[in-house]
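# Tertiary structure, described
Residue strings, one per chain:
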Amino acid sequence: MIKIMKESSGPMLAVTATGTISGEDYTEIWIPALQKTILDHGRCKALLYMDKDFKGWDLKAMWEDTKFGFAHRNDFEKLAVVGGPKWVEWGTKVAGLLVSGEVKTYPVEELDAALKWTAA
């Protein structure tokens with residue numbers, strides 16, 4: 001499940017991921033919110049926070065993420081990924097090679113620092 005965080009403002013969109021992220025989470029919440037932010041501000045500063053109950057993505061969610069990421073690789077000013085298993089950090093570094101903006105990973109205990117960096 002994906003929930004928009006209250007810290008989201010202007011060009012910054014922050015979300016919390018818990019449990020298993022579904023394709024519907026992408027098509028109904030994450031992608032529409034990203035599209036609106038990009039439309040309203042030109043580029044997006046995004047933060048994905050994976051809480052302690054995060055399990056991963058289903059196949060449809062991974063596909064939607066890949067499609068959107070490739071189509072909008074120049075639309076991200078910053079991308080912060082907070083928490084999650086170790087493989088997520090590796091995947092984020094690979095994704096960082098594909099997007100034009102800055103990409104950083106943070107351990108879960110540095111959520112506040114990640115929010116500040118993303119918003120700046």
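Above this note sits the structure.
Analysis parameters
- Residues numbered from 1 in each chain as written.
- Predicted model: local features only at pLDDT ≥ 70, side-chain atom pairs only at ≥ 80, totals over all residues.
- Heavy atoms only, no water.
- Core = buried A, V, L, I, M, F, W, Y, C linked by side-chain atoms within 4.5 Å.
- Buried < 20%, exposed > 50% of the residue type's maximum accessible area, 1.4 Å probe, protein only.
- Helix = DSSP H or I, 4+ residues; strand = E, 2+ residues; numbered from the N terminus.
- Contact = heavy atoms within 4.5 Å.
- Salt bridge = Lys/Arg side-chain N within 4 Å of Asp/Glu carboxyl O.
- Phe/Tyr/Trp six-rings, centres within 6.5 Å; stacked < 30°, edge-to-face > 60°.
- Lys NZ or Arg CZ within 6 Å of the ring centre and 35° of its normal.

Core analysis: the largest hydrophobic core is formed by 23 residues, its most contacted members being Ile21, Tyr26, Trp30, Leu34, Met50 and Trp57. For this core, the elements supplying multiple residues, two or more each, are β2 (12–21), α1 (23–41), β3 (44–57), α2 (59–71) and β4 (76–83). The contact partners of Ile21, leaving out residues within four places of it in the chain, are Met1, Ile2, Tyr26, Phe54, Gly56, Trp57, Asp58 and Ala61. Residues Leu47, Ala80, Leu115 and Trp117 belong to the second largest nonpolar core, which totals 12 residues.

Quick look at the pattern of salt bridges now. Enumeration according to the criterion identifies six salt bridges in this entry. For Glu7, the salt bridge is made with Lys6, and the minimal N-O distance between the two is 3.1 Å. On the basis of relative accessibility, which here comes to 31%, the residue Glu7 falls in the partly exposed class. Relative accessible area serves as the criterion here: at 74%, Lys6 is assigned to the exposed category. The salt bridge involving Glu77 is made with Lys45; its shortest N-O contact spans 4.0 Å. With Glu77 in strand β4 and Lys45 in strand β3, the pair connects residues that are 32 residues apart, well separated along the chain. Given the relative accessible area of 9%, Lys45 is considered buried.

Let's shift gears to the packing of aromatic side chains. In total, this model carries three aromatic pairs according to the counting rule given. Measuring from ring centre to ring centre gives 6.4 Å for Phe68 and Phe76, while their planes differ by 80°; the resulting arrangement is edge-to-face. Note that Lys78 overlies the ring of Trp117, its terminal NZ or CZ placed 4.7 Å from the centroid.

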